[in-house]
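Residue-level listing of the chains:
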Amino acid sequence: SRIEPLILAEKYLIENGDYNKTLTDYKFYCFHGKPMYIFVFTERELNSHNTKRMIYNTDWEPLPEFINDRLPIAEFIKRPHSLDKMLKIAESLSEPFPFVRVDFYEIDNKPIFSELTFTPGHGTAKLSLLQKMGELVDISNIKVKNV
């Protein structure tokens, strides 16, 4: 009752004026300020599990062996023009956190920040990669507040 009504609109993101093409999602999994894995989602369809996916390391080497066997795998795609900028931004945004996923799109060869995600779902990766990622998280220095 004390919140003032507000309408918030975001710019509709399209690539090359094509409203029918879905954007490629770049999801950077970062540990203590260091991006380690990039999950890429292409050909996204609303309300469908047919989205194609691939996992890359930060040198843009594909890691298809880590994709869950039950999911559609994307063809290897070329390195995004703005990958270096995305990595630098992801590093900066993730620095204060033991783990965070930093998401981007790329439009007209420029990175577009999407969101920070602290508890992403993990249906895409195999357990072997999830275990590797879990070992990268060190929470021993986190201060706990007693409430």
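Parameters at a glance
- Residues numbered from 1 in each chain as written.
- Predicted model: local features only at pLDDT ≥ 70, side-chain atom pairs only at ≥ 80, totals over all residues.
- Heavy atoms only, no water.
- Phe/Tyr/Trp six-rings, centres within 6.5 Å; stacked < 30°, edge-to-face > 60°.
- Helix = DSSP H or I, 4+ residues; strand = E, 2+ residues; numbered from the N terminus.
- Buried < 20%, exposed > 50% of the residue type's maximum accessible area, 1.4 Å probe, protein only.
- Contact = heavy atoms within 4.5 Å.
- Core = buried A, V, L, I, M, F, W, Y, C linked by side-chain atoms within 4.5 Å.
- pLDDT = per-residue confidence, 0-100.
- Pairing = 2+ DSSP bridges.
- Axes fitted to C-alpha atoms, helices over the stretch in contact; angles between N-to-C directions.
- Lys, Arg positive; Asp, Glu negative; His and termini not counted.
- Salt bridge = Lys/Arg side-chain N within 4 Å of Asp/Glu carboxyl O.
- Polar contact = N/O pair within 3.5 Å; in protein donor to acceptor, adjacent residues only side chain to side chain.

A short note on the packing of aromatic side chains
The final tally for this structure, using the stated rule, is eight aromatic pairs. With 5.4 Å between their ring centres and 85° between their planes, Phe28 and Phe104 make a pair best called edge-to-face. Placement of Phe28 in strand β1 (residues 25-31) and of Phe104 in strand β4 (residues 99-107) is noted, with a sequence separation of 76 residues between them. We note that Phe28, like Phe104, is buried. Ring geometry for Tyr56 against Trp60: centres 3.9 Å apart, planes inclined by 5°, an arrangement best described as stacked. Taken together, the ring pairs in this structure connect Tyr29, Phe31, Phe39 and Phe99 into an aromatic cluster.

What to know about the side chain of Ser94
Residue position: Ser94 is located in helix α1 (residues 83-94). The contacts of Ser94, once residues within four sequence positions are left out, are Cys30, His32, Gly33, Lys34, Val100 and Val102.

Considerations on the nonpolar core
Counting 16 residues, the largest nonpolar core has Tyr26, Phe28, Ile38, Trp60, Val102 and Phe104 as its most contacted members. Elements with a minimum of two residues in this core: β1, β2 (34-42), β3 (52-57), α1 and β4. Membership of the second largest hydrophobic core comes to 13 residues, among which are Phe41, Phe66, Ile67 and Leu129.

Topic: the confidence of the model for the protein
Counting all residues, the mean pLDDT for the protein is 89, and 95% of those residues have values of 70 or more. Taken element by element, the predicted model of the protein shows its lowest mean pLDDT in helix α2 (residues 127-135) (90) and its highest in α1 (98).

Observations concerning the environment of Pro64
Along the polypeptide, Pro64 turns up in the loop between β3 and α1. On the basis of relative accessible area, Pro64 is assigned to the partly exposed category, the value being 29%.

Some details on the pairing of β4
With eight of its nine residues buried, β4 lies for the most part within the structure. Alignment of β1 against β4, held across six bridges, turns out to be antiparallel. Across the sheet, residue Tyr26 finds its bridge partner in β4, namely Phe104. In this sheet, strand β5 (residues 110-117) lies alongside β4 in antiparallel orientation, the contact comprising seven bridges. Each bridged residue has a counterpart across the sheet, and for Val102 the counterpart in β5 is Leu116. The antiparallel pairing of β4 with β5 creates a hairpin that spans two residues between the two strands, and Asp108 there sits at a positive phi of about 55°.

Considerations on the sheet that holds β2
One open sheet holds the five strands; their spatial order is β3-β2-β1-β4-β5, and the pairing between them is antiparallel. Each end of this open sheet is capped by a strand with a single partner; those strands are β3 and β5. Neighbouring strand axes in the sheet, compared pairwise and without regard to direction, differ in orientation by 25° on average. Alignment of β2 against β3, held across six bridges, turns out to be antiparallel. Each bridged residue has a counterpart across the sheet, and for Ile38 the counterpart in β3 is Tyr56. Across the face of the sheet, α1 comes into contact with β1, β2, β4 and β5 while running at roughly 150° to β4. Of the strands in this sheet, β1, β2 and β3 are in contact with α2, which crosses β2 at around 150°.

Points about the side chain of Arg53
With respect to the helices and strands, the residue Arg53 is situated in strand β3. With no salt bridge to any partner, buried Arg53 finds its closest opposite charge in Asp25, at an N-O distance of 9.8 Å. Looking at Arg53, its side chain comes within polar contact range of the main-chain oxygen of Thr51, at 2.8 Å. Reaching out from Arg53, the side chain makes a polar contact with the side chain of Thr124 at a distance of 3.3 Å. Filtering out sequence-adjacent residues up to four positions away, Arg53 remains in contact with Val40, Phe41, Ile67, Leu71, Pro72, Ile73, Ala74 and Thr124.

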